[in-house]
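The residues making up each chain are set out below.
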Amino acid sequence: MKTDELYLHRAATAQTRPASSWLARSTRIAGPFAPLVQMLLIGLVLLSGFRLAMLAWQWERVHATGAVLDIIVQGVRADLILLGYCLAIPLLAAPLLAYRRTARLWQRFTLGWTMLALIFILFMEVASPQFIMQYDVRPNRLFIEYLNNPREVFSTLWHGFRTAVMLGCAVTVLVGVALVRLLKSASASMPMWPGRRMLLAWPVLCLLVFMQIRSTTGHRPANPAMFALTGDAMVNSLVINSAWSVLDAMRSMDNEAKSSDIYGDFPRAKVFAEVKAAPWLRDYQFANPEQPTRHYQSAAVTRAKPLNLVIVLQESLGATFVESLGGLAVTPELEKLKGEGWWFEQLYATGTRSVRGIEAVVAGYAPTPARSTVKLSLSQQNFYTLAAGLGDQGYHTEFVYGGEAHFDNMRSFFTGNGFQKIVDIGDMKPKFVASWGASDEDLFDKSLERLNTLHAANKPFFSLIFTSSNHEPFEFPDGKIALHDGDKQTVNNAVKYADYALGKFIRAAKQQAYWKDTVFLIVADHDNRVYGDSLVPIKKFHIPGLILGADIEPRRIATIASQIDLAPTLLSLLGVSSTHPMIGRDLAKDSTTPGRALIQFNDYFAYLEGTSATVLRPGQSPLAGRYDAASGHFSPGSGSPTQAQVDKAMAHVILPSILYREQRYRPR
């Protein structure tokens, strides 16, 4: 017999056998569409099983929401949407392939497609628990972004999560093999329908799958935002599945330049008016319509010559690890230094990634739901940074990093926007190398060498130093600190080592001739892990900040401040008057007026002002809440925020999107 005739003979023979399972029954009933039905049924079992397991794992937080049944029911709905997308492509191909004369080709195509789809779904679910443990949310855009740097990521996974990785791979392979065998066995006996019957059934199936994907009769089709059922962002992420979460993130990244539009429409003119109405901006002159936020800032401090600037950007150093800010006592060196300069008591990060901290601290740029501008195409050149501004003032500017500077696109962004020299691990002779590069001691040793070289050149300089020892898998040299935890490779021990290296660096810098002419900023990029049972865990955005050196007098900055306020403040303290597009606050001129913080957490944007927080949510109405800084507790209210509060929040999240999209955040 020919191949297709042999296949049809086997299929016909199989129809006479008694049904041995639900899979075999579905095969006979669904005919040529049996593989699609099987994918739907197996997919529902897999996704529901993993969701129930994760609900049990996170039961305390899930139960606290009082929405367990809704989570399960809406979870099935979300799973049907994902599986509907998986069904769409083979279903659209059916009129071309699902005939008796092309039975073997149809069988191979549908078998291959269903296997790939189910293994992808399985892999994403297996990967979810470890991701949730790190980021307190299902895999999302961060999962995709990290894949752009495979060397660092795989090194981190191997050294810090080896058991979890091996177990996850083993589960994926074992279950995947079982699925392949199951589908192959069922597919071999798939009966084919006459062409007319198949073509009559096809439009009905297309309509059903379309309804399955749309999942609502409302004006807009269902989307992940519709499944935010509770005030706990992590629990909300359990409602949908990880495959849909990642695929939706990929889709949104394609349209990220206009990402702030997810919060609704807001008049363009009102955006600029609201932002410029801030007390620290309303007296400035904004004379250039091409750059609506560009203004001249006169330095609050007059100097005979401008000072040097050194920014130490500390990896993952949240208030969680600073005792005087309500955290653990694992930063004794920072605690000693806080009385020597300006100590920020209510400073908040703008996001949860290093690149978000970089854009805020180095460029004074406000956050959006999109990726950081460090990674976006339109900001790789002619985008304002302190390096670009100070370079125009005659400064030498450089970036020093213990890892490979290409990570997270930093080298491209920095070299294109004012940094004249990049120093990374390739320029060092480190004594200890971890997954993410040279130890902080090696980094600071190189930085001290570079600072002496820059000082000898007799011109002002700006050096950005970015640490990495406090990063998974928390590797650092032995014998340097008294361990806080019994096991060495823990976040608390890594923070304590990073603090030890920082203290050693500052003590050495104080002995150098440039100390009296240099302003130092020590600040975190973000906290180690941003998690919590509130919609926006504001407490986990609280970070330490300290300005010292030169003639800086001790001061406590008690008002709420954002990372975007640091750059304008530093320019004033350096004695540098300049024209720039930053909207941050110069705290050297006024540090007592109530401030505000801008916080981007996944797709939620929070505008924190005093004890009130306005939260913008995609596809939903804004939410008002109260934040108690002393306890770190954020309580979403039952009512809506005032229109004035909504206007402030909307203006501040839409503005950076406009400035990026229209390339209006330029140094000159």
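Residues numbered from 1 in each chain as written. Predicted model: local features only at pLDDT ≥ 70, side-chain atom pairs only at ≥ 80, totals over all residues. Heavy atoms only, no water.

1. As for the pairing of strand β15 (residues 604-609)
Basically, it comes down to this: For every residue, the accessible area (1.4 Å probe, protein chains only) is compared with the maximum for its type, and the residue is labelled buried under 20%, exposed over 50%, or partly exposed between those bounds. Each helix is a run of DSSP H or I of at least 4 residues and each strand a run of E of at least 2, with the numbering of both proceeding from the N terminus. DSSP calls a pair of strands paired once it identifies at least 2 bridges connecting them.
Most of β15 sits inside the fold, with 5 of its 6 residues counted as buried. Hairpin geometry of strand β14 (residues 597-601) and β15 is characterised by an intervening segment of 2 residues between the two adjacent antiparallel strands and by a positive phi of about 55° at Asn602. Counted along the chain from β15 to the antiparallel partner strand β16 (residues 612-616), the turn is 2 residues long, and its residue Gly610 has a positive phi close to 65°.

2. Some details on the side chain of His580
Note the threshold: Polar contacts here mean pairs of N or O atoms no more than 3.5 Å apart (in protein, one a potential hydrogen donor and the other a potential acceptor; neighbouring residues in sequence count only if both atoms are side-chain atoms). Contacts are assigned to residue pairs that have any heavy atoms within 4.5 Å of one another.
Its place among the elements puts His580 in strand β13 (residues 578-580). Here Gln297 takes part through its side chain, which lies 2.6 Å from a polar atom of the side chain of His580. Residues in contact with His580, not counting those within four places in the same chain, are Thr293, Arg294, His295, Gln297, Tyr384 and Leu571.

3. What to know about the packing of aromatic side chains
The condition that has to hold: Here a Phe, Tyr or Trp ring, Trp counted by its six-membered ring, pairs with any other such ring whose centre lies within 6.5 Å, and the pair is stacked when the planes are under 30 degrees apart, edge-to-face when over 60, and tilted otherwise.
Scanning all chains against the criterion turns up 24 aromatic pairs. Geometrically, the ring pair formed by Phe444 and Phe505 is stacked, given 4.5 Å between the ring centres and 15° between the ring planes. One end of the pair, Phe444, is in helix α18 (residues 440-456); the other, Phe505, is in helix α19 (residues 491-510), with 61 residues separating them in the sequence. Here Phe444 and Phe505 have matching classes, each one buried.

4. So, the pairing of strand β3 (residues 342-348)
Here β3 lies mainly inside the structure; 6 of its 7 residues are buried. Here 5 bridges tie β3 to strand β10 (residues 542-549), and the two strands are oriented antiparallel to one another. Looking across to β10, one finds that Leu347 is bridged to Ile543. In this structure, β3 lies alongside strand β11 (residues 555-557), joined through 3 bridges in parallel fashion. When the bridges of β11 are listed, Trp342 appears paired with Arg555. Where β3 and strand β12 (residues 561-562) come together, 2 bridges link them in parallel fashion. By the bridge assignment, Leu347 is partnered in β12 with Ala561.

5. Topic: empty space enclosed by the protein
To keep it simple, the criterion reads: Every definition here rests on a 1 Å grid over the protein atoms only: cavities are sets of points where a 1.4 Å probe fits but cannot get out, pockets are open sets enclosed by protein on both sides within 12 Å along at least five of seven lines, and lining residues have some atom within 4 Å of a point. Grid points are joined across faces, edges and corners, and a volume is the space filled by probe spheres set on the points. By the convention adopted, Pro, Cys, Tyr, Trp, Phe, Met, Ile, Leu, Val and Ala count as nonpolar, Lys, Arg, Asp and Glu as charged, and the other residues, Gly among them, as polar.
All chains considered together, the criterion is met by 3 cavities of 30 Å³ or more. Quantified by volume, the largest cavity comes out at close to 60 Å³. Around the largest cavity, the lining is made up of 13 residues, and of these Ala434, Trp436, Ser468, Ser469 and Glu475 lie nearest the centre. A class-by-class count of the residues in the lining of the largest cavity yields 5 nonpolar, 6 polar and 2 charged.

6. Thoughts on the nonpolar core
The following threshold applies: To form a nonpolar core, buried Ala, Val, Leu, Ile, Met, Phe, Trp, Tyr and Cys residues must be joined to one another through side-chain atoms within 4.5 Å.
By size, the foremost hydrophobic cluster in this structure holds 185 residues, and its most contacted members are Phe399 and Phe462. No other element matches the 13 residues that helix α6 (residues 103-135) contributes to this core. If near-sequence neighbours (up to four positions away) are discounted, Phe462 is found in contact with Leu309, Ile311, Leu386, Ala387, Leu390, Tyr395, His396, Thr397, Glu398 and Phe419. Formed by 20 residues, the second largest nonpolar core is a distinct cluster that contains Tyr348, Ile599, Phe601 and Val615.

7. Here we look at α6
Using the following cut-off: Take the residue count of a helix, subtract one, and multiply by 1.5 Å to get its expected span. Given a residue, its bend is the angle between the two axes fitted to the seven residues that end at it and to the seven that start from it.
Over its 33 residues, α6 runs 46 Å from end to end, which matches the ideal 48 Å to within 8%, given 1.5 Å per residue. Residue Ser128 marks the point of greatest curvature in α6, where the axis turns by about 40°; the proline Pro129 follows within four residues. The positive-phi residue at the C-terminal boundary of α6 is Asp136, with phi of around 60°.

8. Some details on the environment of Leu574
Summarising the element assignment, Leu574 is placed in helix α20 (residues 566-574). Leu574 gets classed as buried once you look at its relative accessible area, which sits at 0%. Linking Leu574 and Asp517, residues 57 residues apart in sequence, is a C-alpha distance of 9.2 Å. Not counting chain neighbours up to four residues away, the residues in contact with Leu574 comprise Arg303, Pro306, Leu307, Asn308, Leu309, Leu390, Tyr395 and Val519.

9. With respect to unusual backbone geometry
Of note, the bond from Glu472 into Pro473 is cis; its omega dihedral lies within 30 degrees of zero at 5°. Within the secondary structure, Pro473 is located in the loop between β8 (461-466) and α19. Non-glycine residue Ala550 carries a positive phi angle of around 45°. Tracing the sequence through the fold places Ala550 in the loop between β10 and β11. The phi dihedral of Gln663 falls on the positive side, at around 55°, and the residue is not glycine. You can see Gln663 is positioned in the segment after α21 (643-661). Judged by relative accessible area, Gln663 falls into the partly exposed class, the value being 40%.

10. Description of the packing of helix α3 (residues 34-57) against helix α5 (residues 68-97)
Filter applied, for reference: In this description, a line fitted to the C-alpha atoms serves as the axis of each element, helices being fitted only across the stretch in contact, and the angle between N-to-C directions of two axes falls anywhere from 0 to 180 degrees. With respect to orientation, any angle under 35 degrees is reported as roughly parallel, any angle over 145 as roughly antiparallel, any angle of 65 to 115 as roughly perpendicular, and every other angle as oblique. In this scheme the handedness of a crossing depends on how the near helix is turned from the far one: anticlockwise by less than a right angle means left-handed, clockwise means right-handed.
The N-to-C vectors of α3 and α5 enclose an angle of 150°; their axes lie 9 Å apart at closest approach. In this view, α3 runs roughly antiparallel relative to α5, as classed from their interaxial angle. Two packed elements cross with a definite hand, and for α3 against α5 that hand is right-handed. For the pair α3 and α5, contact is made by Leu36, Met39, Leu40, Gly43, Leu44, Leu47, Ser48, Arg51, Leu52 and Leu55 and by Ile71, Ile72, Gly75, Val76, Asp79, Leu80, Leu82, Leu83, Cys86, Leu87, Pro90 and Leu91, respectively. Taken together, the residues of the contact of α3 with α5 sort by class into 17 nonpolar, 3 polar and 2 charged.

11. Examining the sheet that holds strand β18 (residues 633-636)
Taken together, 5 strands build an open sheet; the order of strands is β14-β15-β16-β17-β18 and the sheet is antiparallel. The sheet is open, and its two edges are formed by β14 and β18, each paired on a single side. For this sheet, the mean angle separating the axes of adjacent strands, direction not counted, is 25°. For β16 and strand β17 (residues 623-628), the ladder comprises 4 bridges, and the chain directions are antiparallel. From the neighbouring strand, Ser612 faces β17, where its bridge partner is Arg626.

12. Comments concerning a nonpolar patch on the surface
As a reminder of what qualifies: Residues with no salt bridge and a relative accessible area higher than 30% make up the patches, which join like charges within 9 Å and nonpolar side chains (Val, Leu, Ile, Met, Phe, Trp, Tyr) within 5 Å. Per-residue accessibility takes into account occlusion by the displayed protein chains alone, with areas from the Shrake-Rupley method and a 1.4 Å probe. Put simply, a salt bridge is a Lys or Arg side-chain nitrogen that is within 4 Å of an Asp or Glu carboxyl oxygen.
The grouping of Val204, Leu207, Leu208, Phe210 and Met211 at the surface amounts to a nonpolar patch, some 510 Å² of accessible area in total. Mapped onto the fold, Met211 is located in helix α10 (residues 195-214).

13. Focus on the state of the cysteines
Basically, it comes down to this: Counting rule for disulfides: a pair of cysteine sulfur atoms within 2.5 Å.
One pass over the full model with this rule turns up 0 disulfides. Left unpaired, Cys86 is separated from the closest cysteine sulfur, that of Cys206, by 16 Å.

14. A word on the pattern of salt bridges
Once their charged atoms are close, side chains differing in charge can pair, the charge on each being opposite to the other. Inspection of every chain in the model, using the stated rule, returns 29 salt bridges. Residues Lys516 and Asp517 are paired through a salt bridge, measuring 3.7 Å at the closest nitrogen-oxygen approach.

15. A few points about the confidence of the model for the protein
Here is the rule we go by: Every residue gets a pLDDT, meaning the predictor's confidence in that residue, from 0 to 100.
Of the residues in the protein, 92% reach a pLDDT of 70 or more, and the chain-wide mean stands at 89. For the stretch residues 1-20, pLDDT sits under 50, and the model shows 25 contacts to residues farther than four places along the chain or on other chains.

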